[in-house]
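Descriptive analysis of the structure
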Amino acid sequence: MCGIAGVMTLDGAPPRGADLEALTRALRHRGPDGDGRHVSGGVGLIQTRLAIIDLKTGDQPLYAKPDNGGDGNRCALVANGEIYNYIELRHQLGLDLFATESDCEPPLYLYLRHGRDFTRYLRGMYAIAIHDPKRERLVLARDPFGIKPLYYAETPNGFAFASEPQALLAAGLVNPSLRREALYALLQLQFTCGPESIFEGIERVLPGETITIEKGRIIDRWRLPALPEGAPKEIGIDAALNRLDETLNHSVGLHQRSDVPYGMFLSGGVDSSVVLAMMNRLNVERVHAFTVGFPGQSVHDERHHARVVARAAGAKHTEVEFTGADFWNLLPRAAAAMDDPAADYAILPTFKLAQAAQEAGLKVILTGEGGDELFAGYGRYRRAGRWRVFGGRRMRHRGILEGLGVLRDEAASAGWRDGIVNAEKEAAGSGRTPLQIAQATDCADWLAHDLLTKLDRCLMAFGVEGRVPFLDREMADYAFLLPDHLKVKHRFGKWVLRKWLETGLPDAKPFARKRGFTVPVGAWIAEGAARIAPLVARQQGIEEICNPAAVETLFKNAASGTGGRAGKAAWVLLFYALWHQAHVVGRKSAGDAFEALS
């Protein structure tokens, strides 16, 4: 896992060394184990390395072997991620090609053989940059689910890219001005959609996208889909369970390939319990599992159930407490880490779990992200497929701030759902069922731009790599084409996954009614509302778009428990106020949320 960035100038002049140095500094947290640089003609690439595989010879940039014995025109690669099938690819391509044991060297030779189609052969999570000096081009590629981030900007001087938008801002290549449409989407949805980031001039390389750049401008783009086309395929339950077992075995096995210690995050829910059950089968040593809990709060604390599951799997179990003090103390740091913002309250426990994993000496963590999306775990999927008279409704039909009287110009935010509508249109067709369309819609934006962004930024803030074995192309080809009745049955989502877990780890009790994972942000905000409300209300970023008096009233309602949606709305505004301070005003505080906003 690493940070990557680079520049291609319009006129072919060498990139400024100061720009490359600034990009390196801004991405140092992603790669504390070293850095590398490639400069050739008008192209400069940098990488900051978190060493996971091939600790001795895997430093980047990586170079293709020279043609005809010469050293010129050699392709160079920098990458962020893991290519899990690298061992198989090395044998297919020929072992004599390779100068290192790095998992990221095979993509270099796949590119030389297959051009932009090289990603078809990769199984993993990745953001890759290849400089092809012979063709005078730069190629960027991102994995199909968007597990690893990649952003770019076309500037007056050329083309620049980085693993995080904040690196482009820190290097002065782009100014920190906001897209108003994306800002409203963030406030109403808690994440942003599509190719445009929240920063003017910074775009996302979309999940699965490969783009080609020549003379500082994009000349071609191509996309590898994460999900298969077509309607569900009939399969019997026994065959479905056998194939699930094989696919889990293979995917979790590949995701454990590492030259450093690894562990996993255990929530006690179905997805992480499935990952733990398979890890337990595949590992001789005890798996190290981490669970977060919220002492003294009314929300469901998953630690007891997770403790039972961990004991049944023979895991080493670390329980991490998250308190109200943690909420106020860690929130500014977590908001600063989320440069591509997602106002998801799960960033807070994820941030502290990542810290615990780092302190335990682990560099790799497996998690259950993606299980709900691929196996239809959310209740909103079931509602989206019903007729409206039977309680059906479209997903995310109402914005978080909609109708609360907080925004200065609510009409200006009317397009906040446009990105979701576009994703729904792209997801439809080819015989897909309403359930599949809902799943594919979530995979396009919610998964990539909320859940995976949260996981990436929170773990990378502590130099820890997050791996997601459910988000694997072989797993997607299996799960997405399952019949609807094997995903949703008897009011249970993820039905086939639960059936597997019923045998794989019975103590997980997969068919027991469970309460969803909830972070008690409402209670913590209520406790500090009188103090935090005026601070939030008079922040520059809040005053530009909200009525300060209405913001204070909102926090008052959240504190008193009136107003229904006030608690979540107050959380989103609190997060945005801190995020704006860090990434637009440029002031990052070492203190708590009150100090940061004072």
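This write-up is about the structure you can find in this document. The model shown is predicted, which means the values in this text are computed figures rather than measured ones.

With that out of the way, let us pick up the sheet that holds strand β14 (residues 288-293). Strand-to-strand pairing in sheets goes through backbone hydrogen bonds, with the strands running parallel or antiparallel. Taken in spatial order, the five strands line up as β15-β14-β13-β16-β17 in an open sheet, and their pairing is parallel. In this open sheet, the two strands that pair with only one neighbour each are β15 (316-321) and β17 (465-467). Strand-to-strand twist across the sheet, computed as the mean angle between neighbouring axes with direction ignored, equals 30°. Where strand β13 (residues 262-265) lies against β14, two bridges are found, and the strand directions are parallel. Within β14, the residue paired with F265 across the bridge is F290.

In terms of nonpolar packing, the biggest core is built from 189 residues, with F327, F375, V536, F555, W571, L573 and L574 touching the most fellow members. Once you skip the residues sitting within four places of it in the chain, L573 turns out to touch L187, L401, V406, V536, I542, C546, V551 and L554. In this structure, V43, A129, L150 and Y152 belong to the second largest nonpolar core, which totals 16 residues.

Using the criterion set out here, one finds two cavities of 30 Å³ or more in the structure. One number sums up the size of the second largest cavity: a volume of about 60 Å³. Forming the walls of the second largest cavity are L122, R123, G124, Y126, P144, F145, L471, D472 and R473. In terms of residue class, the lining of the second largest cavity is built from five nonpolar, one polar and three charged.

The rules behind these values
Residues numbered from 1 in each chain as written. Predicted model: local features only at pLDDT ≥ 70, side-chain atom pairs only at ≥ 80, totals over all residues. Heavy atoms only, no water. Pairing = 2+ DSSP bridges. Helix = DSSP H or I, 4+ residues; strand = E, 2+ residues; numbered from the N terminus. Axes fitted to C-alpha atoms, helices over the stretch in contact; angles between N-to-C directions. Core = buried A, V, L, I, M, F, W, Y, C linked by side-chain atoms within 4.5 Å. Buried < 20%, exposed > 50% of the residue type's maximum accessible area, 1.4 Å probe, protein only. Contact = heavy atoms within 4.5 Å. 1 Å grid on protein atoms, 1.4 Å probe; cavity = no way out; pocket = protein on both sides within 12 Å on 5 of 7 lines; lining within 4 Å. Points joined across faces, edges and corners; volume = space filled by probe spheres on them. Nonpolar A, V, L, I, M, F, W, Y, C, P; charged D, E, K, R; others polar.

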